[in-house]
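Below are the chains, spelled out letter by letter.
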Amino acid sequence: MHEPELLQIELLADVDALVSELREWAERAPPWPAARGCQAIVRRLTERASALRVRLEAPLVVATLGGTGTGKSTLVNALVGAEVTTPGKQRPTTLQPTLICRPDLRPEMLGIDPRTVQLVQRDLPMLRDLVLLDCPDPDTTEDAEAPATNLARLRELLPQCDVLLVTTTQQKYRSARVADELAASAPGARLVFVQTHADCGEDVRDDWRALLHEDYATGEMFFVDSTAALDDSRAGLQPRGEFGRLVDLLTRELAGAAAHRIRRANFLDLVDETLLHCRERLDETMPAVKELETAIQEQRARLAGRLADQMRSELLANRRQWESRLLGEVTSRWGFSPFSGVLRLAQGLGGLVTRAALLRARTPAQMALWGAYEGWRWQRKRSDAKSADAGANRAVEFSWDDGELRTSAIIVDGYAAEAAIARHDTQGPELARQASRAGSAFIAKAAGDVQQLLGKLAGRHTGRLIRWRYELLLLVFVTLLLYRWGKNFFYDSWLAADLGWRTAPVDMYGSEFFLSAGFWLLLWCALLVWMFTGRLRRGLNREIDSLTEGWRTPSLGEELFARSEHQARAIRQFRQSLERLEQEVAHLKRRLEMPSERIGARRAPAARKAGEAK
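Keep in mind it's a predicted model, so treat the numbers as computed, not measured. (Residues numbered from 1 in each chain as written. Predicted model: local features only at pLDDT ≥ 70, side-chain atom pairs only at ≥ 80, totals over all residues. Heavy atoms only, no water.)

Caption draft 1: Layout of the packing of aromatic side chains. Going through the model one piece at a time under the given rule, you end up with 12 aromatic pairs. On the numbers, 5.5 Å between centres and 50° between planes, the contact of Trp334 with Phe339 is tilted. Comparing Trp334 with Phe339 shows no difference in burial state: the two are buried. With a centroid separation of 5.3 Å and an interplanar angle of 90°, the aromatic rings of Tyr470 and Phe532 are classed as edge-to-face. Highlighted residues: Tyr470 in helix H17 (residues 464-498) and Phe532 in helix H18 (residues 511-537), separated in sequence by 62 residues. Residue classification places Phe532 among the buried positions, given a relative accessible area of 0%. Taken together, Trp334, Phe339, Tyr470 and Phe532 form an aromatic cluster joined through their ring pairs. (Phe/Tyr/Trp six-rings, centres within 6.5 Å; stacked < 30°, edge-to-face > 60°. Buried < 20%, exposed > 50% of the residue type's maximum accessible area, 1.4 Å probe, protein only. Helix = DSSP H or I, 4+ residues; strand = E, 2+ residues; numbered from the N terminus.)

Shown next, in the form of structure tokens:
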């Protein structure tokens, strides 16, 4: 397989892969005005890629671009070596575009509508690898209501051109109209800058280069006398001087395989410019999108903070439930022992109270203390599933203040409107559903955190030293009671008299002893339980404060304004995907070996922005 064929296959592969990624990116555009605009622009770009495939086998299309009287038609005649288009001496300006090509080519093969050009076919050496297009003048004053103005014709043709011969004179090189048209058409073409009228004008190429330097890599600039070059061609002389170098550039350095690289470079430049335009459109509204995301997080954090404060006050107000749950954790870790039995008895008595309180649970804290799902299952035993769900919803609704929710919704709605994002989840029914889901999630989170805290506190207060201390204190009191009762039973009332150590036995203790002993035993157990639960209560406020601080986070309200946040996130991801495409295009452009450093091009968007910053 020959090198030109390999280059063609490589060109097709690169273009197809990039176009496929561009289409996928455009199809993922979120329902956002700026993104939809980018989608339409990229679709037009991919259509341009299809036209590029049509022209792969065709010669390079070299078009002239310049102001009135800059000698475009004369330059075309000089390049061809024959008078194929009427120069300005016979008519003041180019009105009808003229396409000059070899006889076997048709405008359709170049992606050009044959009705828009005047076709001139000549079998000339210059036209073997090139097609010349003598374009209309962009700076001619015309009737704006005419069906086809020069500018309209020019803008229709320039996208089909591969190389632009940008012509100027000493008088015209600062033309603003030509500069505007050059900026619009340059991303899709290589540039060759030519100053004409060398026979009667001063060389202004240095000034012209300085004028263009910020936006264009100018390459080699040519200063030619087209009339003299045409006379030399008619006389059978070879092109000479700077005109000869211009002909050499067009016929040798830009022919053959170089044409494929030029078209690929032109397409990548056009993609780069298109993506830059898309980025600018997106960046105009991205600050509003970022402000919306910030506002959502702030409002979630504010609402979560209010609910956390409410939860904290309710947790502190429900210490009995705390103690009951905490004692349950402690006894489950303590194992079987005398003091753990006392704790289980105390927990059982307290459980009767807390279970009665659970029947009236209507706040998130009370639900959280027993576990969200445990509480709901307990309520289902009292009624059917429907009434249980209604009770749970009432508990959630109680936790969210309606005024606070509406205030947050109004704030988020304002930012969403400024960012041009749909505002479905800031309205009444949807907002209520989101608040219900967020409240349920908050209670479930709080229940889990409370359970973890109880486990941490239980582990802290069930160490080996602590357990032995309370077991010993209980056993000492029980041992004293048993010693007193045993001494009375075995020694005082029996052995002492039989052994003669006493003259008369002592009476055995009656019920009064056992009642008083039971009383003091209960009192001692209560004292130990009070000491132990007091130990559990120490630092409880600090633990609750630490726990509630963890609830002051936007993540606990992630169900609120979820649709607006999802749209903002999709926009941000769409923008990030654009950056990846730009990096891929930049990588392809770095890999591309240009056919000649003598030709110019519009500078890359990044380079132009760096120049503007300076």
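Caption draft 2: Broad picture of helix H6 (residues 205-212). Among all positions of H6, only Arg205, Trp208 and Leu212 are buried. Taken end-on, H6 shows its buried residues confined to a sector of 60°, consistent with a single buried face. Opposite the buried face of H6, by more than 90 degrees, sit the exposed residues Asp206 and Ala210. Against strand S5 (163-168), strand S6 (190-195), strand S7 (216-217), strand S8 (221-223) and helix H8 (241-253) lie the buried residues of H6. (Arc of directions from axis to C-beta. Contact = heavy atoms within 4.5 Å.)

Caption draft 3: Here's a closer look at the environment of Thr462. Assignment of secondary structure puts Thr462 in the loop between helix H16 (428-460) and H17. Relative accessible area serves as the criterion here: at 12%, Thr462 is assigned to the buried category. Thr462 sits 128 residues away from Trp334 along the chain, and the two C-alpha atoms are 6.5 Å apart. Among all residues touching Thr462, those that are not within four sequence positions of it are Val330, Arg333, Trp334 and Arg467.

Caption draft 4: Up close: the nonpolar core. Leu18, Leu22, Trp25, Trp32, Phe267, Val271 and Ile421 are the most contacted members of the largest nonpolar core, which totals 45 residues. Elements with a minimum of two residues in this core: helix H1 (3-27), helix H2 (33-54), helix H9 (257-317), helix H15 (402-418), H16 and helix H20 (562-591). If sequence neighbours within four positions are ignored, Leu18 has contacts with Phe267, Leu268, Val271, Val585 and Leu588. Counting 32 residues, the second largest nonpolar core, distinct from the first, contains Val76, Ala78, Val194 and Phe243. (Core = buried A, V, L, I, M, F, W, Y, C linked by side-chain atoms within 4.5 Å.)

Caption draft 5: Broad picture of helix H19 (residues 540-549). Along H19, the residues classified as buried are Leu540, Glu543, Ile544, Leu547 and Thr548. Along the long axis of H19, the arc covered by the buried residues comes to 130°, so they all point the same way. Along H19, exposed side chains directed more than 90 degrees from the buried face belong to Arg542 and Glu549.

Caption draft 6: Structural detail: the layout of surface pockets. Here the second largest pocket defines a volume of roughly 640 Å³. What lines the second largest pocket is a set of 27 residues, and nearest its centre among them are Leu79, Met126, Gln238, Pro239 and Val247. Mapped by element, the contributors of at least two residues to the lining of the second largest pocket are helix H3 (72-80), helix H7 (226-234) and H8. Classifying every residue of the lining of the second largest pocket by side-chain character gives 14 nonpolar, six polar and seven charged. (1 Å grid on protein atoms, 1.4 Å probe; cavity = no way out; pocket = protein on both sides within 12 Å on 5 of 7 lines; lining within 4 Å. Points joined across faces, edges and corners; volume = space filled by probe spheres on them. Nonpolar A, V, L, I, M, F, W, Y, C, P; charged D, E, K, R; others polar.)

Caption draft 7: Examining the packing of H9 against H20 more closely. The contact between H9 and H20 brings their axes to 8 Å, and the two run at 150°. As judged from the angle between their axes, H9 and H20 are roughly antiparallel. When the axes of H9 and H20 are compared, the crossing they make is left-handed. Considered class by class, the residues forming the contact of H9 with H20 number 18 nonpolar, two polar and 12 charged. (Axes fitted to C-alpha atoms, helices over the stretch in contact; angles between N-to-C directions. Parallel < 35°, antiparallel > 145°, perpendicular 65-115°, else oblique. Left-handed = near helix turned anticlockwise from the far one by under 90°.)

Caption draft 8: Up close: the pairing of S5. Most of S5 sits out of view: six of its six residues are buried. What you see with S5 is no split at all: Val163, Leu165 and Thr167 on one side and Leu164, Val166 and Thr168 on the other are buried throughout. In this structure, strand S1 (residues 60-66) lies alongside S5, joined through five bridges in parallel fashion. By the bridge assignment for S5, Ala63 is matched with Leu164. In this sheet, S6 lies alongside S5 in parallel orientation, the contact comprising six bridges. By the bridge assignment, Leu165 is partnered in S6 with Val192. You can see the chain leave S5, run along helix H5 (residues 176-185) and come back into S6, and the turn it takes is right-handed. (Pairing = 2+ DSSP bridges. Right-handed = clockwise from strand over helix to strand, strands pointing away.)

Caption draft 9: The side chain of Lys72, seen in detail. With respect to the helices and strands, the residue Lys72 is situated in helix H3. Leave out the neighbours within four places in its chain, and Lys72 touches Thr64, Leu65, Gly66, Gly67, Asp134, Cys135, Pro136, Asp137 and Thr167.

Caption draft 10: How the structure looks around a nonpolar patch on the surface. Together, Leu482, Trp485, Phe489, Phe490, Trp494, Leu495, Met508 and Phe514 make up an exposed nonpolar region whose accessible area comes to about 800 Å². Of all the elements, H17 adds the most residues to the nonpolar patch, at six residues. Along the chain, the position of Met508 falls in the loop between H17 and H18. (Patch = residues over 30% accessible without salt bridge, like charges linked within 9 Å, V, L, I, M, F, W, Y side chains within 5 Å. Areas by Shrake-Rupley, 256 points an atom, 1.4 Å probe, with all protein chains shown as cover. Salt bridge = Lys/Arg side-chain N within 4 Å of Asp/Glu carboxyl O.)

Caption draft 11: Representation of unusual backbone geometry in the model. You will see that Ala420, though not glycine, has its phi angle at about 60°, which is positive. Inspection of the secondary structure puts Ala420 in the loop between H15 and H16. Even without glycine at this site, Phe561 takes up a positive phi of about 55°. Within the element layout of this structure, Phe561 appears in the loop between H19 and H20.

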